[in-house]
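Residue strings, one per chain:
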Amino acid sequence: MSRVYNFSAGPAVLPEEVLTEAAAEMLDYNGTGMSVMEMSHRSKAFQEIIDSAEADLRELMDIPDNYKVLFLQGGASQQFAMIPMNLMKNRVADYIVTGQWSKKAYAEAVKYGKANKIASSEDKTFSYIPDCTDLPVSDDADYVYICENNTIYGTKFKQLPDTKGKTLVADVSSCFLSEPVDVAKYGVIYGGVQKNVGPAGVVIVIMREDLITDDVLPGTPTMLRYKTHADAGSLYNTPPAYGIYICGKVFCWLKRQGGLAAMKERNEKKAKILYDYLDASRMFSGTVEAKDRSLMNVPFITGSSELDAKFVKEAKEAGFENLKGHRSVGGMRASIYNAMPEEGVEALVAFMKKFEEENL
Ligand SMILES: Cc1ncc(COP(=O)(O)O)c(C=O)c1O
């Protein structure tokens, strides 16, 4: 068996320990004589899996009791519609647009009410996070929306916006569980798990209970109401059972690593190795403002598209996969999520140094 260093932005690298455990349990999960993929979601064994996953996530993130944890489907993209359908009581919401994902969320919200773009970094190709200390938040806004870590551009909110008392809704798909968060500062935290937490097919929504009501926009389908899923403990219909089981294993792995404070330390150390090299290199450079750099997604360029292509090709041949930048921006991007070991980043930097020497 040989494993590559996988720098994919998502679906992305998972901890090897988790994959090994899942493989060992594939044919017979915990004496049930079947795989988790084959068992009823109404069985005692699965109920224990989802209950432990929720309990471990609550412990990891220190989620207050007045927040629900929902395991849903439809990708993070489905939340772009679910959020306005459920939360736009006044039909007004404010959006901070810092990349393609918040832009898409904003475009979806426009369909349901008055969505205001109260800040944007599109003027400089989303290479920074705008100052959000004194925004023109609408008096009647139902919520303020952000994408906390911008997967494509590699920026992250280091400080949450001042929402002037309005509910904060955050897409954390690409920074989920990468560092401690103060859940009480948000009304809704959600993310697709396929970057930092588990296999594609599960979306986790952490939502303050008072926001989960029957007062939704007319015509909101049953499946798109948070209350449907909250009332049924995420078992209204058949859930993405195997995905939830893997997420649960990742939560246990994170606890064994020392929790989110330890992950933050490790992620900062890993990112520093790469950013320090990019700052010193005569060939490669980072593409975003240093103060807003993401710990998870690191885009970089050589300045020449031919050299970029050569680098991606040779890196792949050397066992560094998925370093090509997003199709909308080009260049390179190394996603260094929780499960990417420090050795992987060190090996990448060593390869980049060699490439620089050979091609400068
Ligand atoms: C920050 C962010 N939000 C949303 C999405 C969309 O996720 P999905 O493909 O699960 O709909 C992505 C996917 O890459 C993302 O990075």
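Located above this text is the structure these notes cover.
Residues numbered from 1 in each chain as written. Predicted model: local features only at pLDDT ≥ 70, side-chain atom pairs only at ≥ 80, totals over all residues. Heavy atoms only, no water.

### Observations concerning the overall build of the chain
This is how it is decided: A run of H or I in DSSP becomes a helix once it reaches four residues, and a run of E becomes a strand once it reaches two; helices and strands are each numbered from the N terminus. Our radius of gyration looks at C-alpha atoms and nothing else; its globule reference is 2.2 Å times the residue count to the power 0.38. Only protein chains enter the accessibility calculation, which uses a 1.4 Å probe; a residue whose area is less than 20% of its type maximum is buried, one above 50% is exposed, and one in between is partly exposed. We score Asp and Glu as negative and Lys and Arg as positive, and we do not count His or the chain ends. Where a charge lies is defined by one atom per residue type, namely NZ (Lys), CZ (Arg), CG (Asp) and CD (Glu).
Within the chain, the secondary structure is distributed over nine helices and 14 strands. The C-alpha atoms of the chain give 21 Å as radius of gyration, which agrees with the globular expectation for 360 residues (21 Å, within 12%). Seen through its C-alpha atoms, the chain measures out along the principal axes to roughly 60 × 55 × 30 Å. Looking at the chain as a whole, 56% of its 360 residues are labelled buried. With 41 positive and 49 negative side-chain charges, the chain shows a spacing of 3 Å between the two charge centroids.

### Observations regarding the site of the ligand
The line we're drawing: For this description, a residue counts as near a given molecule or strand if any of its non-hydrogen atoms is within 4 Å of it. What qualifies as a polar contact is a pair of N or O atoms within 3.5 Å, subject to a donor-acceptor requirement within protein and to the restriction that residues adjacent in sequence count only when both atoms come from side chains. Surface exposure here means Shrake-Rupley accessible area, sampled with a 1.4 Å probe, where a residue is shielded only by the protein chains that are shown. For this scheme, ten residues count as nonpolar: Ala, Val, Leu, Ile, Met, Phe, Trp, Tyr, Cys and Pro. Four count as charged, namely Asp, Glu, Lys and Arg, and the remainder, Gly too, count as polar.
Taken together, Gly75, Ala76, Ser77, Phe80, Trp101, Cys147, Asn149, Thr151, Asp171, Ser173, Gln194 and Lys195 make up the full set of residues near the ligand. Ala76 places a main-chain nitrogen or oxygen 2.9 Å from an oxygen atom of the ligand. Between Gln194 and the ligand, the recorded distance is 2.9 Å, taken from a side-chain N or O atom to an oxygen atom. Computed on the free molecule, the ligand has an accessible area of 390 Å², of which 84% lies beneath the protein chains in the complex. Among the elements that take part in the shell around the ligand, helix H3 (residues 75–87) stands out by supplying four residues, more than any other. Within the shell around the ligand, the residues separate by chemical class into four nonpolar, six polar and two charged.

### Thoughts on the sheet that holds strand S12 (residues 297–301)
Selection rule: Only when DSSP finds a minimum of two bridges between them are two strands counted as paired.
Read across the sheet, three strands follow the order S11-S12-S14 without closing on themselves; strand pairing throughout is antiparallel. The open sheet has two free edges, formed respectively by strand S11 (285–286) and strand S14 (332–335), since each of these has just one partner strand. For S12 and S14, the ladder comprises four bridges, and the chain directions are antiparallel. Looking across to S14, one finds that Asn297 is bridged to Ser335.

### Digging into the packing of helix H1 (residues 16–24) against helix H6 (residues 241–256)
For any two helices packed against each other, one specifies the crossing angle of their axes together with the interaxial distance. Here is the rule: Geometry is summarised by axes, namely lines fitted to C-alpha atoms with helices restricted to the contacting stretch, and by angles between N-to-C directions that run from 0 to 180 degrees. Working definition: roughly parallel below 35 degrees, roughly antiparallel above 145 degrees, roughly perpendicular at 65 to 115 degrees, and oblique for all remaining angles. Put simply, a crossing is left-handed when the front helix is turned counterclockwise from the back one by less than a right angle, and right-handed when it is turned clockwise. Contacts are residue-level and defined by heavy atoms, with any inter-residue pair within 4.5 Å sufficient.
For the pair H1 and H6, the least separation of the axes is 9 Å and the interaxial angle reads 130°. By the angle between their axes, H1 is oblique relative to H6. Pair H1 / H6 crosses with right-handed handedness. Here Glu17, Val18, Glu21 and Ala22 of H1 come into contact with H6, specifically with Tyr242, Tyr245, Ile246, Lys249, Val250, Trp253 and Arg256. When its residues are assigned to classes, the contact of H1 with H6 shows seven nonpolar, no polar and four charged.

### Remarks on the state of the cysteines
Convention followed: A pair of sulfur atoms, both from cysteines and within 2.5 Å, is called a disulfide here.
Following the criterion strictly, the structure yields zero disulfides and no others. Left without a disulfide partner, Cys247 is nearest to the cysteine sulfur of Cys252, which lies 11 Å away.

### Concerning the packing of H3 against helix H4 (residues 100–109)
The geometry of H3 relative to H4 is characterised by a closest axis approach of 9 Å and an angle of 40° between their N-to-C directions. When the interaxial angle is binned, H3 and H4 end up oblique. As for the relative orientation of H3 and H4, their crossing is right-handed in sense. Where H3 abuts H4, its residues Ser77, Phe80, Ala81 and Pro84 lie against Trp101, Lys104, Ala105, Glu108 and Ala109.

### Things to note about the sheet that holds strand S4 (residues 114–120)
Spatial strand order, S2-S10-S9-S8-S5-S3-S4: seven strands in an open sheet with mixed pairing. The open sheet is flanked by strand S2 (67–72) and S4, the only strands paired with a single partner. Strand-to-strand twist across the sheet, computed as the mean angle between neighbouring axes with direction ignored, equals 20°. Relative to strand S8 (residues 168–171), strand S5 (residues 144–147) runs parallel, the two sharing four bridges. Looking at the pairing, Val144 lines up with Leu168 of S8. Of the strands in this sheet, S2, strand S3 (92–97), S5, S8, strand S9 (188–192) and strand S10 (203–208) are in contact with H3, which crosses S9 at around 155°. This element, H4, spans S3, S4, S5 and S8 of the sheet and lies at about 160° to S3.

### Topic: the pattern of salt bridges
What counts is decided by this rule: Any carboxyl oxygen of Asp or Glu that lies within 4 Å of a side-chain nitrogen of Lys or Arg is treated as forming a salt bridge with it.
Applying the stated criterion across every chain, the model contains 27 salt bridges. Here Glu21 and Arg256 are joined by a salt bridge, their closest N and O atoms 3.4 Å apart. In this pair, Glu21 is assigned in helix H1 and Arg256 in helix H6, connecting sequence segments 235 residues apart. A salt bridge links Lys354 to Glu358; the nearest nitrogen and oxygen atoms lie 3.5 Å apart. A residue pair is termed a helical-turn pair when its members lie 3 or 4 positions apart in one helix, as Lys354 and Glu358 do in helix H9 (residues 342–359) at four residues. Judged by relative accessible area, which is 46%, Lys354 ranks as partly exposed.

### Structural notes on the side chain of Asn196
For Asn196, the position within the fold is in the loop between S9 and S10. A polar contact is formed between the side chain of Asn196 and the backbone oxygen of Phe176, at a distance of 2.8 Å. Looking at Asn196, its side chain comes within polar contact range of the main-chain nitrogen of Asn338, at 2.8 Å. In contact with Asn196, not counting residues within four places along its chain, are Cys175, Phe176, Leu177, Ser178, Val250, Met296, Tyr337 and Asn338.

### What about the pairing of S9?
Most of S9 sits inside the fold, with five of its five residues counted as buried. Here S9 shows no split at all, with Val188, Tyr190 and Gly192 on one side and Ile189 and Gly191 on the other all buried. Two strands pair when backbone bridges link them, and S8 and S9 are joined in this way by three bridges, in the parallel orientation. The residue of S9 that forms the bridge with Asp171 is Tyr190.

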